[in-house]
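Okay, here's what each chain looks like letter by letter:
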Amino acid sequence: MNDLHSLIQIKGLRDGLLVSLNDAPWAEQQSALLTQMDQQPSFFQGARLALDVGSQILHVNEMVDLRDQLSERNVLLWAVLSESPTTEQTAQLLGLATRISKPRPEETRFASSGLSDETALFINKTLRSGTRVEFPGHVVVLGDVNPGAEIVAVGSIIIWGRLRGAVHAGSNGDGSAKVCALDFAPMQLRVAKEAMNLNEDKEPASPRMAFIRDERLVIESWKPS
Amino acid sequence: MTAQVVTISSGKGGVGKTTAVANIAFALAASGSKVVCIDGDIGLRNLDVVMGLENRIVYDIVDVIEGRCKLRQAMIRDKHLPELYLIPAAQTRDKNAVSPSDMKRVCDEIRPEADFVLIDSPAGIERGFRNAIAPADRVLVITNPEVSAVRDADRVIGILEAEEKHSPALIINRLNPDLVKQHDMLSAEDVLDLLGIKLIGIVPEDESVIVGSNRGVPVSQDPKSRAGQAFRNIAHRLKGEEVPFLDLDKQAGLWDRIQKMAGRR
Ligand SMILES: Nc1ncnc2c1ncn2[C@@H]1O[C@H](COP(=O)(O)OP(=O)(O)O)[C@@H](O)[C@H]1O
Ligand SMILES: [Mg+2]
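In this text the structure is predicted, and so the values were computed from the model without any measurement. (Residues numbered from 1 in each chain as written. Chains lettered and ligands numbered in written order. Predicted model: local features only at pLDDT ≥ 70, side-chain atom pairs only at ≥ 80, totals over all residues. Heavy atoms only, no water.)

Asks: How should I be thinking about the overall build of chain B in this particular structure?
Replies: When helices and strands are counted, chain B shows 12 helices and 8 strands. Its C-alpha atoms give chain B a radius of gyration of 17 Å, within 12% of the compact-globule value 18 Å for 265 residues. The buried share of chain B, taken over its 265 residues, is 60%. Taking as baseline every contact in chain B between residues at least 6 positions apart, the subset at least 24 positions apart corresponds to 75%. (Helix = DSSP H or I, 4+ residues; strand = E, 2+ residues; numbered from the N terminus. Rg over C-alpha atoms; globule rule 2.2 N^0.38 Å. Buried < 20%, exposed > 50% of the residue type's maximum accessible area, 1.4 Å probe, protein only. Contact = heavy atoms within 4.5 Å.)

Structure, rendered in structure tokens:
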């Protein structure tokens, strides 16, 4: 094995390949991966690829470029695993998975919450159908959450706009988490382990908040102050 | 000349992408623009049928990409409009025969010689869709006033935004004012409200569209057709002209509001 190859680790998964990169500069990593594919086209062609990029911070243009380069080699990039929230968000925006069925050991890192108030993800746009945002803290959206979009947060979820998608606050079981929205009409609502179906909810658009009181999920009007 | 490359996409199949490409192309060419259409639906070609050019095909886009013919040889000229061309899709190949950079290369070759390149995108958000949007300067997202079509349009808009493509514009196709009045169909307002992008046209449900497609003469050629008028208006708006939206429903009020909403953002 030469240097090139030691940059990259490849494992077979039940439904494709898992390629793990290390922390070398991104351009080097990408070209090493593509070179390796071009040397063994028959091994890679038609493969479904999950990519573990470690702590690399990738933006949309870099991920799109890699995905298109892979696609030209007939390789489908379907998941990007990363320790960086920026990279995860990029992947989610592009509709890529950020988890594969076998949980990574790192995931348990977030298991015990002990959240500080600073751990919040701000999303300054509308989340459209097919977007899934998962965050080990609070999530604040300045925009709408459309039907078909989903937010899973270990902490609370605040929507400064219309909530029409699916939300799960306190996803690790934190019963003090809340969901608030200026126009509250989620398709699916969960706080910790309590779920509620809002199909019958005919309340007019208004700011409301969901939280757990006496082990039951309740919705009350929300007066942001 | 440097052509504007416009791709029409939807996510969901059967909402009117091919119909819209053919109609807008005819309207643009009839008003003096030089237009090249590309059928991006490799393996399921049908733009040639709707444009009435199916029996003139010799070469297709895969022949161009793989170097079996010159670009010119694959450009089929329309029977009546000398400034309208079609580059057909390959029928016997699959979408993997084309890559995003192939599409960019073909469009770059056409750009200096045309005013508009219109690309018909396949359904879905996979490879064929990527190919169709890769060279686009502008994307028109088309939907029907139905929950599932709107959901798919939303997904496509999300992908276009993530890829930082110039913000897409919306065509609402097959609107039926009677059904909207009976609350059996989403209104144009409902659709716009959810998708929150700029509106470029509302096309009514009109059976002359289907008749026109079957005869290979798109309805934008028929001065009396309401749908034809709507497609001609889209063509004008693509050229940067201000055209008021059609009053499909004679009630005032609603349409005033839509005119306003179309101008927002
Ligand atoms: N405005 C309309 N009124 C009536 N029928 C329409 C209209 N637009 C499209 N259609 C019909 O809908 C069907 C699907 O349209 P098509 O353009 O092939 O969709 P797509 O390319 O998105 O799959 C065709 O039979 C077409 O004639
Ligand atoms: Mg079609």
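Asks: Can you help me understand the site of ligand 1 in this one?
Replies: All names here are of chain B. Looking at ligand 1, there are 15 residues lining it, with G14, K17, T18, T19 and N173 nearest. G14 has a polar backbone atom sitting 2.8 Å from an oxygen atom of ligand 1. In this structure, an oxygen atom belonging to ligand 1 sits 2.5 Å away from a side-chain N or O atom of T19. Out of a free accessible area of 570 Å², ligand 1 has 81% covered by protein chains. Every element with two or more residues in the shell around ligand 1 is listed here: α1 (17-30), β7 (169-175), β8 (198-204) and α10 (207-215). The element best represented in the shell around ligand 1 is α1, accounting for 3 residues. (Near = heavy atom within 4 Å. Polar contact = N/O pair within 3.5 Å; in protein donor to acceptor, adjacent residues only side chain to side chain. Areas by Shrake-Rupley, 256 points an atom, 1.4 Å probe, with all protein chains shown as cover.)

Asks: Which parts of the structure should I look at to understand the pairing of β7(B)?
Replies: Taken residue by residue, a regular strand's side chains alternate between the two faces of the sheet. Residue and element names in this part refer to chain B. Burial runs high along β7: 6 of the 7 residues are buried. Direction of pairing for strand β6 (residues 138-143) relative to β7: parallel, over a ladder of 4 bridges. Directly across from I142, in β7, lies its bridge partner I171. By the bridge criterion, 6 bridges tie β7 to β8 in an arrangement that is parallel. By the bridge assignment, L170 is partnered in β8 with L199. (Pairing = 2+ DSSP bridges.)

Asks: Would you take a moment to explain the interface of chain B and chain A for this structure?
Replies: Interfaces are often described in size by the accessible area the parts lose on coming together. If you look at the interface, chain B gives 20 residues, while chain A gives 19 residues. Both faces combined, the contact of chain B with chain A buries some 1,700 Å², and carbon together with sulfur accounts for 41% of it. Of all residues in chain B, the largest losses of buried area upon contact with chain A belong to R151(B), R155(B) and A162(B), amounting jointly to 29% of the total for that side. Counting the contacts that link chain B with chain A gives 3 salt bridges. Summed over the shared surface of chain B and chain A, the result is 9 residue pairs in polar contact (both at pLDDT 80 or more). Only α5 (100-110), α6 (127-133), α7 (147-162) and α9 (188-195) of chain B provide two or more residues apiece to the side of chain B that touches chain A. Element by element, the count of residues in the side of chain B that touches chain A is highest for α7(B), at 7 residues. A per-class count over the side of chain B that touches chain A returns 6 nonpolar, 5 polar and 9 charged. (Buried area = accessible area lost by both parts, 1.4 Å probe. Salt bridge = Lys/Arg side-chain N within 4 Å of Asp/Glu carboxyl O. Nonpolar A, V, L, I, M, F, W, Y, C, P; charged D, E, K, R; others polar.)

Asks: How should I be thinking about empty space enclosed by the protein in this particular structure?
Replies: If a probe the size of a water molecule is rolled over the atoms, the empty space left behind becomes visible. On inspection of all chains with the given rule, the structure shows 3 cavities of 30 Å³ or more. Considered as a void within the structure, the largest cavity measures approximately 80 Å³ in volume. The wall of the largest cavity is formed by 13 residues, among which L93(A), S129(A), T131(A), G158(B) and I159(B) lie closest to the centre. Elements represented by at least two residues in the lining of the largest cavity include exactly α5 (85-93) of chain A together with α7 of chain B. With 3 residues, the single largest contributor to the lining of the largest cavity is α7(B). For the lining of the largest cavity, a count of residues per class yields 3 nonpolar, 7 polar and 3 charged. (1 Å grid on protein atoms, 1.4 Å probe; cavity = no way out; pocket = protein on both sides within 12 Å on 5 of 7 lines; lining within 4 Å. Points joined across faces, edges and corners; volume = space filled by probe spheres on them.)

Asks: What exactly am I supposed to notice about helix α4 (residues 60-72) of chain A here?
Replies: An α-helix turns once per 3.6 residues; consequently, residues spaced three or four apart project the same way. Here α4(A) contains 13 residues, and its C-alpha end-to-end distance of 18 Å stays within 8% of the 18 Å for a straight helix at 1.5 Å per residue. Positioned one or two residues after α4(A), N74(A) has a phi angle of 65°, which is positive. (Expected span 1.5 Å × (residues − 1).)

Asks: It is not clear to me how the packing of aromatic side chains should be interpreted in this structure. Could you clarify?
Replies: Aromatic rings considered in pairs are described by the distance between their centres and by the relative angle of their planes. Under the defined criterion, the tally for this structure stands at 1 aromatic pair over all chains. The interplanar angle of 85° and the centroid separation of 6.1 Å between the aromatic rings of W160(A) and W222(A) together place this pair among those described as edge-to-face. Taken as a pair, W160(A) in strand β9 (residues 157-163) and W222(A) in the segment after β15 (216-221) lie far apart in primary sequence, 62 residues in all. Directly above the aromatic system of W78(A) lies the positively charged group of R48(A), at a separation of 4.6 Å from the ring centroid. In this structure, R237(B) is placed above the aromatic ring of F245(B), and the distance from its NZ or CZ to the ring centre is 4.0 Å. (Phe/Tyr/Trp six-rings, centres within 6.5 Å; stacked < 30°, edge-to-face > 60°. Lys NZ or Arg CZ within 6 Å of the ring centre and 35° of its normal.)

Asks: Please clarify how the confidence of the model for chain B should be interpreted in this entry.
Replies: Note: predicted coordinates in regions of low pLDDT should not be interpreted at a detailed level. Predicted confidence across chain B gives a mean pLDDT of 91, with 93% of residues reaching 70 or more. Both confidence scores are given for the complex: pTM 0.76, ipTM 0.78. (pLDDT = per-residue confidence, 0-100.)

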